[in-house]
Amino acid sequence: MKRNDRHPSAPVLGVDIGRVIIEGDGPDTSFIGGSDEQAMRAPAMHGAFESLRRLTTLFERRVWLVSKCGPRIQERSRRWLDRHRFFQTTGIPYGQLRFCRERKEKAPICLDLGVTLFIDDRLDVLHAMAGIVPYRFQFGASSAPEGVVPVRNWDEAERVIAAVLDVRAA
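Please read all numbers here as calculations on a predicted model, not as lab measurements.

Reading guide: rules and limits
- Note on numbering: residues in each chain are counted from 1, in written sequence order.
- Only residues with pLDDT of at least 70 are given local features in this predicted model, and only at 80 or more are side-chain atom pairs given and counted; all residues enter the totals for whole chains, interfaces and linings.
- The side-chain figures draw on all heavy atoms in the structure; neither hydrogens nor water molecules are used.
- Salt bridge criterion: a side-chain nitrogen from Lys or Arg within 4 Å of a carboxyl oxygen from Asp or Glu.
- A helix here means a DSSP run of H or I that spans at least four residues, while a strand means a run of E at least two residues long, and both kinds are numbered starting from the N terminus.
- Summary of the burial criterion: residues with accessible area below 20% of their type's maximum are buried, those above 50% are exposed, and those between are partly exposed, where the area comes from a 1.4 Å probe applied to protein chains only.
- At least two bridges found by DSSP between two strands is the condition for calling them paired.
- Orientation is described by axes fitted as lines to C-alpha atoms, over the contacting stretch for helices, and by angles from 0 to 180 degrees between their N-to-C directions.
- We call a crossover right-handed when, viewed with both strands directed away from the observer, the connection leading from the first strand over the helix to the second proceeds clockwise.
- Two rings from Phe, Tyr or Trp (for Trp, the six-membered ring) form a pair when their centres are within 6.5 Å of each other. A pair whose planes differ by under 30 degrees is stacked, one over 60 is edge-to-face, and the rest are tilted.

Enquirer: Where do I start with the pattern of salt bridges in this structure?
Expert: When the charged atoms of two side chains with opposite charge come close together, those side chains can pair. The final tally for this structure, using the stated rule, is 11 salt bridges. With a shortest N-O distance of 2.5 Å, arginine 76 and aspartate 36 are connected by a salt bridge. In this pair, arginine 76 sits in helix α4 (residues 71-83) while aspartate 36 sits in helix α2 (residues 36-41), placing the two residues 40 residues apart along the sequence. Judged by relative accessible area, which is 39%, aspartate 36 ranks as partly exposed. With a shortest N-O distance of 3.6 Å, aspartate 36 and arginine 79 are connected by a salt bridge.

Enquirer: What's the story with the sheet that holds strand β3 (residues 97-100) in this structure? I'm lost.
Expert: By way of backbone hydrogen bonds, the strands of a sheet pair with one another, either parallel or antiparallel. Pairing within the open sheet is parallel, and its 6 strands lie in the order β3-β2-β1-β4-β5-β6. Of all strands in the sheet, those with a lone pairing partner are β3 and β6 (148-151), marking the two edges. Going across the sheet, the axis of each strand differs from the next one's by a mean of 25°, ignoring polarity. The pairing of strand β5 (residues 135-139) with β6 spans 4 bridges and is classified as parallel. Directly across from arginine 136, in β6, lies its bridge partner valine 148.

Enquirer: I'm lost on the pairing of β5 in this one. Help?
Expert: Moving residue by residue along a regular strand, the side chains alternate between the two faces of the sheet. By the criterion of burial, β5 is predominantly enclosed, with 4 of the 5 residues buried. Here strand β4 (residues 117-120) runs beside β5; their pairing, made up of 4 bridges, is parallel. Across the sheet, isoleucine 119 pairs through a bridge with phenylalanine 137, a residue of β5. Running through helix α7 (residues 123-128), the crossover from β4 to the neighbouring parallel element β5 is right-handed.

Enquirer: I tried to follow the packing of aromatic side chains on my own but got confused; where do I start?
Expert: Geometrically, a pair of aromatic rings is defined through the distance of the ring centres and the angle of the planes. A complete count under the given rule lists 5 aromatic pairs for this structure. With 6.1 Å between their ring centres and 80° between their planes, phenylalanine 49 and tryptophan 80 make a pair best called edge-to-face. Taken together, the positions of phenylalanine 49 in helix α3 (residues 48-58) and tryptophan 80 in helix α4 put the pair 31 residues apart, joining distant regions of the chain. Across the pair, tryptophan 80 and phenylalanine 49 agree in class, each one buried. Ring centres of phenylalanine 139 and tryptophan 154 lie 5.4 Å apart, and the angle between their planes is 45°; this geometry places the pair in the tilted category. Of this pair, phenylalanine 139 sits in strand β5 while tryptophan 154 sits in helix α8 (residues 154-169), placing them 15 residues apart in sequence. Using a relative accessible area of 0% as the deciding quantity, one classes tryptophan 154 as buried.

By themselves, these figures tell us nothing about what the structure is for.
Right, here's the structure in full:
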């Protein structure tokens, strides 16, 4: 059974972790390449917790984290989220976290969870979701190809996502 079967028309938000929730530079975050101690000190993206707290309320807690990483980074991600009190601060339910080993696996996870909107910094991930996730947002981008909405930061992401929900409700 899909997670969203109880509310088939209810929107569900999916969010990547690296370079979307945890700040990073270059192709990956220092969170991945550094020591465990350095990883725990990695900052959150500016505004991520606050925007996600409001979006979690707007989505009635139908928000999922979906991230690609191996077992070592999965454990590190869980520890970072715990250390930074991510779930308590945002209101996203603790169990609403899925990991996969390859980026292309995010699309079937989103299908299974009923995700209707997804935020990721990687265009290849968003392209793989075409036909599965109706609203796709490229985080940290000022332009994006057709079918993907660029959002430069969390303030913009929150504003655009709220507008999509208003349009869906109308």
